[in-house]
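This is what each chain is made of:
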Amino acid sequence: MTPDERWLRRVVPATPQELAAALWSFGYFFALLAGYYVLRPLRDQMGIAGGTRALPWLFTATFVTLLAAQPLYGALVARLPRARFIPVVYHFFVVNLAVFWVLLALGIAPVFVARVFFVWVSVFNLFAVAVFWSFMADLFTSEQAKRLFGFIGAGGTAGALLGPAITIVLAVPLGPHNLLIAAIVFLEIAVFCAHRLERSVGVRQDGPREPARVGGSAFAGISGLFRSPYLLGVGAWVSLLSFGATMLYFMQANVVSATIKGAGEQTRIFASIDLAVGLLTLATQVFATGRFLQRFGTGIAAGALPAVYIVGFLAIAWSPGLAVVLVFQVVQRWMNFAIANPARQVFFTVVDREDKYKAKNLIDVVAYRGSDALYGWVYDALHAAGLKIGAIALCALPVAIAWLVLSGALGRTHERRASQSAGDAPARLGEASWHR
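## Focus on the overall build of the chain
Alright, step 1. Per the secondary structure count, the chain includes 14 helices and zero strands.
Alright, step 2. Secondary structure elements of the chain occur, N-terminal to C-terminal, as α-α-α-α-α-α-α-α-α-α-α-α-α-α.
Alright, step 3. Counting every position in the chain, which comprises 436 residues, the buried fraction comes to 57%.
Alright, step 4. Accessible surface computed for the chain: about 17000 Å², of which carbon and sulfur atoms make up 70%.

## Quick notes on the nonpolar core
Alright, step 1. Tyr28, Tyr90, Met136 and Phe313 are the most contacted members of the largest nonpolar core, which totals 125 residues.
Alright, step 2. Of the residues forming this core, the biggest block, 21 residues, is contributed by helix 5 (residues 110-139).
Alright, step 3. For Phe313, the contacting residues outside a window of four places in its chain are Gly244, Met247, Met251, Phe328, Ala393, Ala396, Leu397 and Ala400.
Alright, step 4. If you look at the next biggest cluster of nonpolar residues, it comprises seven residues, including Ile260, Ile273, Val277 and Val330.

## Re the side chain of Asn361
Alright, step 1. Mapped onto the secondary structure, Asn361 falls in helix 13 (residues 359-384).
Alright, step 2. Excluding residues that lie within four positions of it along the chain, Asn361 makes contacts with Gln70, Tyr73, Phe127, Ala130 and Val366.

## With respect to unusual backbone geometry
Alright, step 1. Here Ala109, not a glycine, exhibits a phi torsion of approximately 45°, which is positive.
Alright, step 2. Mapping Ala109 onto the fold places it in the loop between helix 4 (82-106) and helix 5.
Alright, step 3. Taking relative accessible area as the criterion, Ala109 reaches 41% and is therefore assigned partly exposed.

## Side note on the pattern of salt bridges
Alright, step 1. Tallied over the entire structure, the rule returns six salt bridges.
Alright, step 2. Between Arg147 and Glu143 there is a salt bridge, with the nearest N and O atoms lying 2.6 Å from each other. Taken together, the positions of Arg147 and Glu143, both in helix 6 (residues 142-174) and four residues apart, correspond to about one turn of that helix.
Alright, step 3. The closest approach of N and O atoms between Lys358 and Glu354, which form a salt bridge, is 2.9 Å.

## Focus on the packing of aromatic side chains
Alright, step 1. Summed over all chains, the structure comprises 30 aromatic pairs.
Alright, step 2. Centroid distance Trp24 to Phe192: 6.0 Å. Interplanar angle 75°. Geometry classified as edge-to-face. Of this pair, Trp24 sits in helix 2 (residues 16-49) while Phe192 sits in helix 7 (residues 179-202), and the two are 168 residues apart along the sequence.
Alright, step 3. On the accessibility criterion, Trp24 (26% relative accessible area) is partly exposed.
Alright, step 4. An angle of 85° between the planes, with centres 4.8 Å apart, marks the rings of Tyr28 and Phe132 as edge-to-face. Linking Tyr28 in helix 2 with Phe132 in helix 5, this pair joins segments that are 104 residues apart in sequence.
Alright, step 5. Connected via pairs of aromatic rings, a cluster forms that spans Tyr28, Phe29, Tyr90, Phe132, Trp133, Phe135, Phe140 and Phe149.
Alright, step 6. Of note, Arg43 hangs over the ring of Phe118, and the distance from its end group to the ring centre comes to 5.2 Å.
Alright, step 7. A cation over an aromatic ring shows up here: Lys360 above the ring of Phe348, its NZ or CZ 4.8 Å from the ring centre.

## Concerning the confidence of the model for the chain
In low-pLDDT segments, the atomic positions of the prediction should not be examined closely.
Alright, step 1. Here the chain averages 83 in pLDDT, while 88% of its residues score no lower than 70.
Alright, step 2. Helix 1 (residues 3-11) is the least confidently modelled element of the chain, averaging 61 in pLDDT, while helix 11 (residues 322-347) averages 93, the highest of any element.
Alright, step 3. Long-range and interchain partners of residues 203-211, a stretch whose pLDDT sits below 50, account for 22 contacts in this model, where long-range means more than four residues apart.
Alright, step 4. Note that pLDDT drops below 50 for residues 430-436; the model gives that stretch 35 contacts with residues more than four away or on any other chain.

## A look at empty space enclosed by the protein
Any empty space left between atoms is shown by rolling a water-sized probe over those atoms.
Alright, step 1. Applying the stated criterion to the full structure yields three cavities of 30 Å³ or more.
Alright, step 2. Volume-wise, the largest cavity comes out at about 800 Å³.
Alright, step 3. Lining the largest cavity are 42 residues, with Arg40, Asn125, Asn336, Phe337 and Tyr368 sitting closest to its centre.
Alright, step 4. Looking at the lining of the largest cavity, the elements that each hand over two or more residues are helix 2, helix 5, helix 6, helix 9 (229-259), helix 10 (263-318), helix 11 and helix 13.
Alright, step 5. No other element matches the nine residues that helix 11 contributes to the lining of the largest cavity.

## A closer look at the side chain of Thr289
Alright, step 1. Relative to the elements of secondary structure, Thr289 occurs in helix 10.
Alright, step 2. On the accessibility criterion, Thr289 (0% relative accessible area) is buried.
Alright, step 3. Setting aside its immediate chain neighbours within four residues, Thr289 contacts Gly150, Thr284, Ala338, Ile339 and Pro342.

## Describing the environment of Pro164
Alright, step 1. Positionally, Pro164 belongs in helix 6.
Alright, step 2. Put simply, Pro164 and Leu39 are 125 residues apart on the chain and 8.5 Å apart in space, counted from C-alpha to C-alpha.
Alright, step 3. Ignoring sequence-local partners within four residues, the contact set of Pro164 consists of Tyr37, Gly159, Ala271, Asp274 and Leu275.

## Some details on helix 3 (residues 55-79)
Note that an α-helix has 3.6 residues per turn; residues three or four places apart therefore point the same way.
Alright, step 1. With 25 residues, helix 3 should reach 36 Å at 1.5 Å per residue; the first-to-last C-alpha distance of 36 Å fits that figure.
Alright, step 2. The sharpest bend along helix 3 measures roughly 30° and falls at Ala69, with the proline Pro71 sitting one to four residues further on.
Alright, step 3. Within helix 3 the residues assigned to the buried category are Leu55, Pro56, Leu58, Phe59, Thr62, Leu66, Gln70, Tyr73, Gly74, Val77 and Ala78.

## Describing the packing of helix 9 against helix 13
Alright, step 1. Axis separation between helix 9 and helix 13 bottoms out at 8 Å; the angle between their running directions is 40°. Comparing their axes, helix 13 and helix 9 come out oblique. Crossing angle aside, the handedness with which helix 9 passes helix 13 is right-handed.
Alright, step 2. Partitioned by chemical class, the residues of the contact of helix 9 with helix 13 number 14 nonpolar, seven polar and two charged.

What counts, and at which threshold
Residue numbering note: each chain is counted from 1, following its sequence as written. Local features in this predicted model are restricted to residues whose pLDDT is 70 or higher, and side-chain atom pairs enter the listing and the counts only when it is 80 or higher, whereas totals over whole chains, interfaces and linings include all residues. Based on all heavy atoms of the structure, the side-chain values leave hydrogens and waters out of the count. Here a helix means four or more residues in a row that DSSP labels H or I, a strand means two or more in a row labelled E, and each is numbered from the N terminus. To sort residues, take the accessible area from a 1.4 Å probe on protein chains only and compare it with the maximum for the residue type: under 20% means buried, over 50% means exposed, and anything in between is partly exposed. Every accessible area reported is derived by Shrake-Rupley at a probe size of 1.4 Å, with residue values counting cover from the shown protein chains alone. Grouping buried Ala, Val, Leu, Ile, Met, Phe, Trp, Tyr and Cys residues that are joined through side-chain atoms within 4.5 Å yields what is termed a nonpolar core. Contact definition: two residues touch when any of their heavy atoms are within 4.5 Å. Only one rule defines a salt bridge in this text: a Lys or Arg side-chain nitrogen within 4 Å of an Asp or Glu carboxyl oxygen. By convention, a stacked pair of Phe, Tyr or Trp rings (six-membered ring in the case of Trp) has centres within 6.5 Å and planes under 30 degrees apart, an edge-to-face pair has planes over 60 apart, and any other such pair is tilted. Counted as over-ring charges are cases with an Arg CZ or a Lys NZ within 6 Å of the ring centre that also lie within 35 degrees of the ring normal. On a scale of 0 to 100, pLDDT captures the predictor's confidence in every residue. In this analysis the probe radius is 1.4 Å and the grid spacing 1 Å, with only protein atoms considered; a cavity is a set of points the probe fits into but cannot get out of, a pocket is an open set with protein on both sides within 12 Å along at least five of seven lines, and lining residues have an atom within 4 Å of a point. Grid points are joined across faces, edges and corners, and a volume is the space filled by probe spheres set on the points. A helix is expected to reach a length of 1.5 Å times the quantity of its residues less one. We define the bend at each residue as the angle formed by axes fitted to the 7 residues ending at it and the 7 residues starting at it. Fitted lines through C-alpha atoms give the axes, limited to the stretch in contact for helices. The angle between two N-to-C directions lies from 0 to 180 degrees. Put simply, angles under 35 degrees are roughly parallel, angles over 145 are roughly antiparallel, angles from 65 to 115 are roughly perpendicular, and the rest are oblique. Helix crossings are classified by the rotation of the near helix relative to the far one: an anticlockwise turn of less than a right angle makes the crossing left-handed, while a clockwise turn makes it right-handed. Under this grouping Gly is polar, as are all residues other than the nonpolar Ala, Val, Leu, Ile, Met, Phe, Trp, Tyr, Cys and Pro and the charged Asp, Glu, Lys and Arg.

Printed below as a string of structure tokens:
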């Protein structure tokens, strides 16, 4: 191989048959998260603008919205082939963004629109990313996912670097609402990449074709979830992820609101956090994630995140200041995106196809935001009872320890399932799932 080819193989651990799919997946995730991370700092600022006391209500509203949307998504998945329902989902979000841009540009009901936008971005994030990872779990086997999900995730991280950089530069001179136009452009690029990915995995004709549609009922995700102890365990893991993230998010919102004044400066702070997380995550995903997953397995990789929360909650209990909270936020998001989230996505490669789209979406979207809503009220109740941030962190510590134990159990179950399925079925990208 030439030096360039050796460098490419080092960065992209794909076989020649997997290379096109890996690169288009990288581009798809890059565009998707670039668009989201343009919006995320604006969402966080609008959450503060509506008053931090309103945050539990916003989390609850997000859950209710997702609960209503889930059957619609299930029906869409059941009736349309993957090549059609994925663009439909993203084009729907593009239309929503255009409406928000008009409302914000005209200054119509700014506080109400800010709260609705906060809810909408939370819904968009979970649905858009869940659809992406369902697609990935449908294409790749467990072995392929361990090698490639780090690289594919790096595409999202590169987009997560570009998004906040755009926000930092343009939020003040252009006004935050005009950033929505950039997000629309990125979403349309993501749709194009998804289309090219479908074509790249549809060119091979060796092996049986998969059905064009996932099929089943709109509510099959519920029965699929409750029939499987393994999926219930993954759902519990995601709920505990929400617990840690919600506790820390509320701590961050209260500390930043009390310490940093001005919408522009608050937006810059949140964008700077995103930028720091992106730089750390990108370097890890390109050079370490795949090797880490292959060497240590999904259990240790998933357990790395609750381990960070254990240390972080202890640090906040000891010194509950702005710097500690922000450093904790950066480190936990870095560990989540670089190591734990790829492991969680690998968990779904060993379930059947319908569960990859329906039960997975139910876990990643409805269960996650339902947990957000519940834990938001838990934080509010603890705060109302007079507990300060340090005391709340101590209350959260035992939950993080239980989360660590669950990670190990899930990792052992996944490895057992993966070894069984490896002997029963061919590599998906080589045969059946290489098709639409």
